[in-house]
Amino acid sequence: MTIQPVKGTRDFYPREMAVHNWIVDGWKKISLRNGFEEYDGPIFEYLKMYQVKSGDEIVEQLFSLTDRGGRDLALRPEMTPTLARMVNQQINSLPKPIKWFSVPRLFRAERPQKGRLREFFQWNIDIIGVDDVLADAEVIFTTIDYLRQVGLTSTDIKVKISSREFLAGFLKSIGIPEEKLGDIYVLLDKSAKLPPGVFEELLREQVPDKTISGKILDFMVEQSIEQVRDLTAPNESTESALENLGNVFNYLESMGVGDFCIFNPGIVRGLAYYTGIVFEVHDAVGELRAICGGGRYDNLLKDFGGPSIPATGMGMGDCVLEILLREKGLLEKQLPAGSIDYFVAYVDESYKNQAIRITMELRSKGCSANFSYKAAKLNKQLKQASDQNARKCIIIGQEIESNQLAVKDMTSGEQKLVNLDEFNA
Ligand code: HAM
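Quick caveat, the model's predicted, so the values are computed rather than measured.

**Quick notes on unusual backbone geometry**
Alright, step 1. Here the amide bond leading from lysine 96 into proline 97 is cis, since omega sits at -5°, within 30 degrees of zero.
Alright, step 2. Positioned with a positive phi, arginine 269 is a non-glycine residue whose angle comes to about 75°.
Alright, step 3. Mapped onto the secondary structure, arginine 269 falls in the loop between β9 (261-263) and β10 (277-283).
Alright, step 4. By relative accessible area, arginine 269 is classed as buried at 12%.
Alright, step 5. Phi is positive for asparagine 403, close to 60°, though the residue is something other than glycine.
Alright, step 6. Residue placement: asparagine 403 occurs in the loop between β15 (392-396) and β16 (404-409).

Below is the structure:
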């Protein structure tokens with residue numbers, strides 16, 4: 001019987017692990033240089049935590065379990081509820097603003113497809129305690145800072161920005177009742193992923209009045225903030241939403257990343273808790289699913305029993321990112337070669353212990369080193385050294401009797417005799 005890996009999961013062989021580590025190291029480096037501190041939480045939480053505010057889609061995709069004490073638990077499908085719970089728990093002692101990042105392993109029982117798996121990693125950055133959309137701009141900047149660092153340009157990717165606050169104001173102004181907003185958001189979020197015609201049909205099911213559904217369709221395709229402003233009768237909430245949107249774009253311009261950012265009213269986000277600026281990063285061709293997404297969620301901490309405190313953040317999965325980097329040829333180019341400093345070979349069994357001793361000495365000096373387990377033919381050992389990408393190979397033979405080592409440079413092929421006491425690893 002052969003056992004297959006579970007659908008939607010990945011095995012990380014060393015090659016894949018090297019890619020994974022390179023992506024995660026980049027996320028961490030960029031988070032730190034933008035002033036975020038790392039945190040983590042448990043991989044499973046109480047099931048009810050995700051039923052409070054994440055929305056039906058996430059709830060339907062939960063991997064849930066009952067523990068031996070009869071408690072209903074779920075593997076985490078996202079990090080934001082854990083973050084809200086953790087911050088609430090220590091709200092009085094934590095210095096504000098809170099700028100935290102994390103790289104959790106997440107689980108969603110989605111239908112596996114290109115860029116979407118059932119187990120994945122997601123970079124999270126969040127800023128808690130700042131009302132000003134400057135925090136939203138900093139989250140977006142940090143996201144771009146990473147994508148730029150790995151070589152993606154403003155012609156490869158676009159940050160599409162909109163406002164849930166404005167959308168809510170617009171929908172209410174055309175007669176959509178408050179309690180229907182959640183369902184409409186979920187549907188609008190799917191619009192770009194649905195085949196042409198299907199979205200319109202689903203929208204008409206939700207909003208049978210043709211004039212109203214027509215206004216929604218018009219709204220989704222507008223190109224500029226001015227155009228969406230013209231679609232709605234101005235009121236206090238839509239005006240403040242538009243001011244916030246304008247400010248975000250101004251801040252992003254000042255941060256030097258304006259060329260990556262565009263307004264797109266079609267960005268709604270599927271999760272229920274967003275309240276203000278929302279954004280997603282997409283490949284410019286529009287072939288792939290979103291690279292990442294995020295936004296402002298000013299009510300989540302309160303909904304979790306904490307104080308009313310504003311928050312904004314984003315999550316970027318590793319799957320679409322990796323596909324895009326491969327497609328652009330940016331991955332292979334930047335991946336550090338998995339190499340060791342030394343491989344220690346020996347000509348016959350009588351030198352084995354010397355080889356072991358020298359390997360251990362190299363390791364104690366901080367060099368990475370391997371030795372041959374067998375006194376195989378020298379050619380075989382050299383092949384092993386090159387399979388392991390060793391930079392140098394030390395060959396131990398009779399020269400060791402006169403305190404000398406043969407050191408072969410594996411790139412140039414050059415071989416020298418070096419005195420043992422002069423050998424500097
Ligand atoms: P989300 O839109 O559900 O947001 O996910 C954000 C990103 O995670 C997606 O754009 C994608 O890169 C990745 N992702 C989601 N599901 C999968 C999957 N099944 N397989 C691979 N990658 C996936 C959130 O999760 C929010 N909690 C983000 C956030 C943080 N908002 C504020 N702070």
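**A few points about the side chain of asparagine 34**
Alright, step 1. Position of asparagine 34 among the secondary structure elements: in the loop between α1 (14-33) and β1 (37-38).
Alright, step 2. The exposure class of asparagine 34 is buried, given its relative accessible area of 11%.
Alright, step 3. Looking at asparagine 34, its side chain comes within polar contact range of the main-chain oxygen of isoleucine 30, at 2.9 Å.
Alright, step 4. With sequence-adjacent residues up to four places away left out, asparagine 34 is seen in contact with Lys99, Glu138, Phe141, Thr142 and Asp145.

**Considerations on the sheet that holds strand β4 (residues 72-75)**
Alright, step 1. What the 3 strands build is an open sheet, ordered β2-β4-β3; its pairing is antiparallel. The outermost strands of the open sheet, each flanked by one partner alone, are β2 (44-46) and β3 (64-66). Geometrically, the sheet is characterised by an average inter-axis angle of 35° between neighbouring strands, direction not taken into account.
Alright, step 2. With 3 bridges connecting them, β3 and β4 associate as antiparallel partners. For leucine 65, the partnering residue across the bridge sits in β4 and is leucine 73.

**Observations concerning the domain arrangement of the protein chain**
Interface size, as often reported, equals the accessible area lost upon joining of the parts.
Alright, step 1. Partitioning the protein chain into structural domains gives domain 1 (14-327) and domain 2 (340-422).
Alright, step 2. The gap between the C-alpha centroids of domain 1 and domain 2 is 53 Å.

**Overview of the environment of lysine 365**
Alright, step 1. Secondary-structure assignment places lysine 365 in the loop between α15 (352-364) and β14 (369-371).
Alright, step 2. Taking the C-alpha atoms as reference points, lysine 365 and aspartate 136, separated by 229 residues in sequence, lie 46 Å from one another.
Alright, step 3. Every residue in contact with lysine 365, bar those within four places of it in the chain, is listed here: Phe423 and Ala425.

**Structural notes on a negative patch on the surface**
Alright, step 1. Together, Asp56, Glu57, Glu60 and Asp183 give the surface a local cluster of negative charge.
Alright, step 2. The dominant element in the negative patch, judged by the number of residues it contributes, is helix α3 (residues 56-60), at 3 residues.
Alright, step 3. Mapping glutamate 57 onto the fold places it in helix α3.
Alright, step 4. According to the relative accessible area criterion, glutamate 57 is partly exposed, its value standing at 32%.

About the criteria used
Note that residues are indexed from 1 along each chain, following the sequence as it is written. Note on the predicted model: pLDDT of at least 70 is required for a residue's local features to be given, and 80 or more for side-chain atom pairs to be given and counted; whole-chain, interface and lining totals, by contrast, use all residues. Note: side-chain values were computed over all heavy atoms of the structure, leaving out hydrogens and water. By the criteria applied, helices consist of DSSP H or I runs no shorter than four residues and strands consist of E runs no shorter than two, each listed in order from the N terminus. Throughout, exposure labels follow a simple rule: accessible area from a 1.4 Å probe, protein chains only, divided by the maximum for the residue type, with under 20% read as buried, over 50% as exposed, and the rest as partly exposed. A 3.5 Å cut-off defines polar contacts: any pair of N or O atoms within that distance qualifies, except that in protein one atom must be a possible hydrogen donor and the other a possible acceptor, and neighbouring residues in sequence count only when both atoms are side-chain atoms. Whether two residues are in contact is decided by their heavy atoms: any pair within 4.5 Å suffices. Only when DSSP finds a minimum of two bridges between them are two strands counted as paired. Between the N-to-C directions of two axes lies an angle of 0 to 180 degrees, each axis being a line fitted to C-alpha atoms and, for a helix, fitted only over the stretch in contact. Here the bounds of each domain stem from an automatic or database domain assignment. Two joining distances apply to patches: 9 Å for like charges and 5 Å for nonpolar side chains (Val, Leu, Ile, Met, Phe, Trp, Tyr), and every residue must have over 30% relative accessible area and no salt bridge. All accessible areas in this document rest on Shrake-Rupley with a 1.4 Å probe, and a residue is counted as covered only by the protein chains that are shown. Salt bridge, as applied in this entry: a Lys or Arg side-chain nitrogen positioned within 4 Å of an Asp or Glu carboxyl oxygen. Counted as positive: Lys and Arg. Counted as negative: Asp and Glu. His and the chain ends are not counted at all. Throughout, a charge is located at the NZ atom of Lys, the CZ atom of Arg, the CG atom of Asp or the CD atom of Glu.

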